[in-house]
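# Tertiary structure, described
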Amino acid sequence: ACSHFLSWLLLLLTSFFCTGQTCERNCGKTLDLCSCQPTCKSLKNCCTDYREYCVATSPYSGSSFGGTDFIVLDATFNKSSNITNTVGYVDESSRGHCISPLLYETGWIPLHISSDNGTTFNRVGAWLSVHTGKLDSKFKAILVNSTKWQYYGTPNVGGTLEMTWNTSLVRAERVNIELWGYRETGEPYSVSWHGQWEYLYSLTKDQTNNGSFSFLPKPAENGFSSWELGALRVSPSTYPDGMWNVQAAWTEDHALAWHLEERFRQDSTVWAQEKCLAWDQLENQLPNFLSEIIDCPCTLAQARADTGRFHTDYGCDIEKGSVCTYHPGSVHCVRAIQASPVYAAGQQCCYDSTGAQVLTGDSIGGSTPDRAHDWGSPPYRKPPRIPGQSHWVYDVLSFYYCCLWSDNCKYYFKHRPSSDCRRYQSPSSAVVFGDPHFITFDGVSYSFNGKGEYTLVTSAKRGLTIQGRTEPVNATIKATMLTAVAMKEASSDVIEVRLDSGHSGLQVLQNQKTLSFAEQSWMDLHGVFVFSPTSANVTVMFPTGAGVEVRLREGTMTTTVLLPEVFSGSTLGLLGKMNGDASDDLVLSNGQLVQNLSNPEELFNFGASWAVYNKSALFTYDSKYLLDTYYDAPRHDHTFIPVFFVPETPDDPLDNQASEICSGEGSEFCRYDILVGRSPRMGNATRLSFQSHISLVDDLKSVVSCGWLSPPSNGKKEGTTYLQGAKVRLSCDDGYTLKGSAERVCQENGQWSGEETSCVVPRIVVGSVLGGVALIVIITTIVLHSRKQKRCSTVSKIYIPKMNSLIYLK
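All figures in this text were calculated on a predicted structure; none of them were measured in a lab.

### Considering empty space enclosed by the protein
- All chains considered together, the criterion is met by five cavities of 30 Å³ or more.
- The space that makes up the largest cavity amounts to roughly 100 Å³.
- For the largest cavity, the lining is made up of 13 residues, of which C298, Q357, C421, Y722 and L723 are closest to its centre.
- Looking at the lining of the largest cavity residue by residue, the classes come out as seven nonpolar, five polar and one charged.
- Summarising the domain contributions, the lining of the largest cavity has at least three residues from each of domain 3 (268-416) and domain 5 (715-760).
- Taken as a whole, the second largest cavity holds about 80 Å³ of empty space.
- When residues of the lining of the second largest cavity are traced back to their parent elements, those giving at least two are β7 (123-130) and β28 (522-525).
- A class-by-class count of the residues in the lining of the second largest cavity yields five nonpolar, four polar and two charged.
- Both of domain 1 (55-130) and domain 4 (433-699) provide at least three residues apiece to the lining of the second largest cavity.

Right, dumping it as structure tokens:
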């Protein structure tokens, strides 16, 4: 009875103290008796007021332009509460609402909520601000036939314009349609350089919120046509004109051709040419950013494979029908993920249907660099780093001036020439797949079936750490599989990708907090970007260009690591020493080299040596199983001894399936997963992962480029491919003769064969011209000499003042 009483008393005291500890101002911390970390929900050790102060929202994302009405989940408010910091209110169910403000940045923005008129901001969370171009169409108003909007007033483009929106985005019976303009003021690259959104005027007021609006545009009055970039906003008509931070649906930002001055409509070509020439003069005064941007990949295959440094340009995507408005003739474009270090410039690379890079020297649809990266760049907020808008101001409007609204592309391409790929270096790739098998950066293949948490890649020089967790395939099979990968670079967020509980999808965590990709597939995080278009596909991208791809196949994870050349010689771990030398790839954590790669026990010891230390582990332990199995246990389980060799048992019922599924290179991995892992599905997934890696390595193979070859003056060329083996034929216009090589071939050494080509006037023509000139000179000389003789035969009189006399000359 005494023991029962003491247990009851201890429970009462624990409950009392836990109740006394609060998450107010403690979100993300672990307190003495309870937790305010995101893991507390699954560990069931949250402080009682965790959800009240560490808030989540629905929806959790929206346009960086603002206007999204989101609910603060779980927290409760008095109806008299005045939610501040941005516009907010309390609904009839005592739920707090906030309206996302206009922002000049993307990514997770810290959210602080006050319910006492700003005296305290004691509820915290985060809000995902999204670049308008990456925002799903269901979250924004749509310009019907956007090309017509942006060409309005040019020859043969007129009539009514229409826009549509989802009426649920604006909960009001009647709405206003407002035009907002954007511009950047101050001296470029100085502290006075700022971006500015401003309400201009309303197209209509107090219109029924029926989800559509059409109108016949007319030139803007009161000087508003000087604003050439902007967006339309649908907002409740109950608010004053141009009020900030109200619930609204925005269109994408666009060139405001439809409201420009009358002079534009009278002669858009002349108007645009003047703008183009003015932009040309401005560019001459701005710093040259071209030398610091990354070179483009040489081929479409390389561009799509180098996922650590390049990502699909949403404006020209081969997977979505290749609608390449600004790059006619291209089928796919990619953008460099990271902005350049000093000027925050961007790189865009475009490719045609043959997979060759399209260059502006050959086509208006060629690849173009950007003074301002389209997606912006940390720390955002000021030009040229403001997502979307800075790019529009310096790179897109000028394209309209010079190329789309007039025929002056030569000025645009003078400042935005394509960079070819002569300096491009493909990344190296390594992979972990199956249960589990490894192929290192230098191509060494082996299997390691340890149970624990291990270092896949570490680079002290670059601050990169990638760790992997393995778990038994099941309770009876002595083989393991990769179930989680955690990573960070320098001071970045920690990103973890792991199998969900049913092995049917991938779960992504940021600093121990689960991320949802239900609303957005791309996230700008601290020091890292994450892209997850489906629950079976995650790509993580770091500033150095390191990329990690995680793919789900048949309930197993395949993890590919891509590292650029800057990592050469600086990596260690289960994926080897990346230096192009396979002989020194597998080094134990103590520096000892694996001697016999065919000895599975020696390989097992190598793998075990890379077990992570407790202090350096990056994983999230948010279940009793993970705490007991990994956090409170040795990181490498020495008691788990796997099956090292594939059993050769002819009467094994799976032997025939293994023979059917597994063939060719890598078949030993496939057979192991079927005959030891007892899973034909896993064996087939292993086969596919192996083949996918071989294809990736092939796509990333270095190619030789000789660089762009210009046509000769007064001539032309045939051929726009400049890689090894490519031929370019050169010819001259009528009346000119070819001097040099008529055909040039890109050679293995990166040089063009033959001699430089030029077009010259034929010799017979030159001789005739020179002969004619000589005849004219002779005739002129004879005439002049004859006149001189005539003058000499006459007497001339010269008066010399000092002598006061005349001298007679004959």
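So much for the structure itself; the text now carries on.
### With respect to the pattern of salt bridges
- Inspection of every chain in the model, using the stated rule, returns 39 salt bridges.
- For E274, the salt bridge identified is with R263, shortest N-O distance 3.2 Å. Of the two residues, E274 sits in helix α6 (residues 268-285) while R263 sits in helix α5 (residues 262-266), which places them 11 residues apart along the sequence.
- For K414, the salt bridge identified is with D280, shortest N-O distance 2.8 Å. Here D280 lies in helix α6 and K414 lies in helix α9 (residues 409-415), a separation of 134 residues in the sequence.
- Linked by salt bridges that have partners in common, E283, R371, D395 and R416 make up one network.

### Some details on the domain arrangement of the protein
- Assigned domains within the protein: domain 1 (55-130), domain 2 (137-266), domain 3 (268-416), domain 4 (433-699) and domain 5 (715-760).
- Each of domain 2 and domain 3 has a C-alpha centre, and these two points are 24 Å apart.
- Counting residues at the interface gives 26 residues for domain 2 and 24 residues for domain 3.
- Together domain 2 and domain 3 conceal approximately 2300 Å² of surface at their shared face, both sides included; 60% is due to carbon and sulfur atoms.
- Looking only at domain 2, the three residues that lose the most surface to domain 3 are Y189, W193 and E228, adding up to 28% of its buried area.
- At the boundary of domain 2 and domain 3, one finds 12 residue pairs in polar contact (both at pLDDT 80 or more).
- Every element with two or more residues in the side of domain 2 that touches domain 3 is listed here: α4 (146-151), β10 (174-185), β11 (194-208), β15 (254-255) and α5.

### Some remarks on the packing of aromatic side chains
- What the rule picks out here adds up to 45 aromatic pairs.
- With 5.1 Å between their ring centres and 75 degrees between their planes, F399 and Y412 make a pair best called edge-to-face. Taken together, the residues span a long stretch of sequence, with F399 in helix α8 (residues 389-404) and Y412 in helix α9 at a distance of 13 residues. Y412 matches F399 in its accessibility class, with the two residues each being buried.
- Where Y412 meets F413, the ring centres are 5.9 Å apart and the plane angle is 75 degrees; that geometry is what we call edge-to-face.
- Its relative accessible area of 15% is what places F413 among the buried residues.
- Ring pairing ties together the aromatic residues Y151, F264, W271, W279, Y326, W392, F399, Y400, Y401, W405, Y412 and F413, which thus form one cluster.
- Sitting over the face of the ring of Y630, R469 holds its NZ or CZ atom 5.1 Å from the ring centroid.
- Its end group placed over the ring of W108, K513 keeps NZ or CZ at 5.5 Å from the ring centre.

### Structural notes on the layout of surface pockets
- In this structure, the second largest pocket spans a volume of roughly 1200 Å³.
- In terms of lining, the second largest pocket is formed by 43 residues, of which the most central are W108, G125, A126, Q510 and K513.
- Every element with two or more residues in the lining of the second largest pocket is listed here: α3 (50-53), β6 (107-113), β7, β26 (506-510), β27 (513-515) and β28.
- A per-element tally of the lining of the second largest pocket places β6 first, with five residues.
- Here the residues of the lining of the second largest pocket are counted per class, giving 20 nonpolar, 14 polar and nine charged.

### Some details on the packing of α6 against α8
- Where α6 contacts α8, the axes come no closer than 7 Å and their chain directions differ by 135 degrees. Taken together, the axes of α6 and α8 lie oblique to each other. In this structure, α6 crosses over α8, and the sense of that crossing is left-handed. Only Y394, S398, Y401 and C402 of α8 make contact with α6, whose side of the interface consists of W271, A272, Q273, K275, C276, W279 and L282.
- In terms of residue class, the contact of α6 with α8 is built from eight nonpolar, two polar and one charged.

### Here we look at the side chain of Q21
- Mapped onto the fold, Q21 is located in the loop between α1 (2-20) and α2 (40-43).
- Within the local environment of Q21, its side chain forms a polar contact with the backbone nitrogen of L33, the two atoms lying 2.9 Å apart.
- Setting aside residues no more than four positions away along its own chain, Q21 makes contact with L31, D32, L33, C34, C47 and D49.

### With respect to the sheet that holds strand β36 (residues 743-745)
- Strand order in this open sheet of three strands is β33-β34-β36, and the pairing throughout is antiparallel. On the outer flanks of this sheet lie β33 (715-718) and β36, each paired with one strand and no other. On average, each strand axis in the sheet is inclined to that of its neighbour by 25 degrees, with strand direction left out of account.
- For β33 and strand β34 (residues 727-732), the ladder comprises four bridges, and the chain directions are antiparallel. Bridge pairing in β34 places K716 opposite S731.

### Thoughts on the sheet that holds strand β25 (residues 495-499)
- On the basis of which strands lie adjacent, the open sheet formed by six strands has the order β22-β23-β24-β25-β26-β27 and antiparallel pairing. Of all the strands in the sheet, just β22 (452-459) and β27 have a single pairing partner and so form its edges. With direction set aside, neighbouring strand axes in the sheet form an average angle of 25 degrees.
- Here four bridges tie strand β24 (residues 480-489) to β25, and the two strands are oriented antiparallel to one another. Bridge pairing in β25 places A484 opposite R498.

Parameters and conventions
Residues numbered from 1 in each chain as written. Predicted model: local features only at pLDDT ≥ 70, side-chain atom pairs only at ≥ 80, totals over all residues. Heavy atoms only, no water. 1 Å grid on protein atoms, 1.4 Å probe; cavity = no way out; pocket = protein on both sides within 12 Å on 5 of 7 lines; lining within 4 Å. Points joined across faces, edges and corners; volume = space filled by probe spheres on them. Nonpolar A, V, L, I, M, F, W, Y, C, P; charged D, E, K, R; others polar. Domains from an automatic or database assignment. Helix = DSSP H or I, 4+ residues; strand = E, 2+ residues; numbered from the N terminus. Salt bridge = Lys/Arg side-chain N within 4 Å of Asp/Glu carboxyl O. Contact = heavy atoms within 4.5 Å. Buried area = accessible area lost by both parts, 1.4 Å probe. Polar contact = N/O pair within 3.5 Å; in protein donor to acceptor, adjacent residues only side chain to side chain. Phe/Tyr/Trp six-rings, centres within 6.5 Å; stacked < 30°, edge-to-face > 60°. Buried < 20%, exposed > 50% of the residue type's maximum accessible area, 1.4 Å probe, protein only. Lys NZ or Arg CZ within 6 Å of the ring centre and 35° of its normal. Axes fitted to C-alpha atoms, helices over the stretch in contact; angles between N-to-C directions. Parallel < 35°, antiparallel > 145°, perpendicular 65-115°, else oblique. Left-handed = near helix turned anticlockwise from the far one by under 90°. Pairing = 2+ DSSP bridges.

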